[in-house]
Amino acid sequence: MKKVFAMLMALVLVLGGTALAETELTYEGKVVAGETVPVAAPFGGRLGEVPLRDGDPIREGDKLATITTTLEYAPVEGTIAGLYIQEGDSTESVVERYNAALYIEPTRKYAVEATSEKAFNSSENYFLHRGERVYMACVSDGTHKGTGIITDLTENGYKIEVTGGEFVLEEKVYVYRSEDLSKESRLGKGKVTRTAAVAVKGSGSVLKLHVQNGDFVERGEVLFETVTGTLDGYYAPDNNVKSPVTGIVSKMEKNRGDSVEKGETLARIVPAESFEVEFEVPEEEMFSLEEGQNVTMELRWDNTAEKTYTGKIISISHQNEDPKEGSDKKVYKAYASFTPDERIRLGMTMYIYVLGKDEPAETEPDLDAELAEEP
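Heads up: these notes are all about the structure in this document. (Residues numbered from 1 in each chain as written. Predicted model: local features only at pLDDT ≥ 70, side-chain atom pairs only at ≥ 80, totals over all residues. Heavy atoms only, no water.)

### Some details on the pattern of salt bridges
A side chain of one charge can pair with a side chain of the opposite charge when the charged atoms of the two come close.
Line of reasoning, step 1. This model, assessed by the stated rule, comprises eleven salt bridges.
Line of reasoning, step 2. K63 is the salt-bridge partner of E49, the closest N and O atoms lying 2.9 Å from each other. Placement of E49 in the loop between strand 3 (45–47) and strand 4 (57–58) and of K63 in strand 5 (residues 63–68) is noted, with a sequence separation of 14 residues between them.
Line of reasoning, step 3. A salt bridge links E280 to K333; the nearest nitrogen and oxygen atoms lie 3.9 Å apart. Residue E280 is found in strand 23 (residues 275–282), and its partner K333 is found in strand 26 (residues 331–338); the two are separated by 53 residues along the sequence.
Line of reasoning, step 4. Accessibility expressed as a relative area gives 29% for E280, which makes it partly exposed.
Line of reasoning, step 5. Each of E278, E280 and K333 takes part in one network of salt bridges that share partners. (Salt bridge = Lys/Arg side-chain N within 4 Å of Asp/Glu carboxyl O. Helix = DSSP H or I, 4+ residues; strand = E, 2+ residues; numbered from the N terminus. Buried < 20%, exposed > 50% of the residue type's maximum accessible area, 1.4 Å probe, protein only.)

### Description of the sheet that holds strand 15 (residues 198–200)
Line of reasoning, step 1. Taken in spatial order, the four strands line up as 15-8-7-17 in an open sheet, and their pairing is antiparallel. Edge positions in the open sheet fall to strand 15 and strand 17 (216–217), since each of these has one partner strand only.
Line of reasoning, step 2. For strand 8 (residues 102–106) and strand 15, the ladder comprises three bridges, and the chain directions are antiparallel. What sits directly across from L102, in strand 15, is V200. (Pairing = 2+ DSSP bridges.)

Here is the structure:
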């Protein structure tokens with residue numbers, strides 16, 4: 001068809017343009033996006049992996065980006081004893097109701113609430129420090145012994161977390177600074193209590209839960225992952241944002257490391273089925289075209305012209321474009337639809353051949369069928 005176009009152009013030069021007017025109208029245009037689909041962040045966070053760039057092809061379901069989560073770790077070793085959250089929940093709502101997202105019962109199940117009562121009268125025995133190691137023995141007969149760490153200092157005394165040994169709840173114990181339990185190192189007297197469960201609260205919405213009620217966890221183990229914002233319908237997807245359509249990435253609006261909020265646009269995708277060809281129609285040819293008219297097209301760079309595309313004129317502007325510099329020629333934008341294949345890319349130049357208003361579009365010859373009919 002290009003060869004025919006070249007011959008027609010030669011005739012135009014010889015005959016002053018009358019030959020082309022009596023044949024099909026031909027234009028040069030470019031492939032443009034007829035529609036752009038925005039892809040929004042399903043929840044807030046910070047972008048991790050962003051594997052695509054502007055202009056990359058993408059298929060429906062492919063990963064566009066990864067939103068990193070906030071990890072909540074176990075502050076102590078112990079057993080999950082109260083699990084109130086589920087995937088999709090807002091931790092703030094759960095904490096407001098239960099005072100925690102979950103509780104951990106520490107492996108170290110005993111604590112001691114002590115005072116300076118019965119402390120040896122020495123000035124240094126009244127100066128205690130958080131984190132200081134102490135030694136204990138039961139008041140009754142000294143058979144129950146153990147070790148501990150001072151965890152808090154209060155107006156009335158101090159608190160100890162028992163780290164070793166075995167005691168009985170409500171048992172009275174003496175507290176010593178020295179391992180030999182010497183009278184001179186006695187810091188006071190206390191009562192054995194049960195260690196309180198440790199509340200874990202977190203923030204944001206739960207995207208993934210890593211534990212169940214009754215699980216044993218070590219200190220530093222991941223309990224759950226959260227993201228900012230609420231999750232629609234309490235549904236927790238994974239943290240990969242996927243493309244809803246097959247097409248071309250028109251623009252990545254966000255980059256790796258950027259913070260995003262729920263609903264914020266991450267990327268814009270041009271669906272493959274929305275590709276169109278944009279071309280300019282001179283004013284004097286406006287009434288030779290109409291919407292719905294068939295066209296055939298071919299790529300400008302395809303010198304063999306082995307592949308043509310069929311389509312229809314879908315739109316003709318009612319407002320002319322500004323004339324190009326040095327010209328007063330008025331033109332109008334027109335658009336033709338077609339079915340692209342893997343060769344088509346946005347911005348490619350195409351020749352558009354407008355057929356007669358009642359003329360059907362040309363179709364590709366079925367070479368396989370023709371060969372099958374040969375004797």
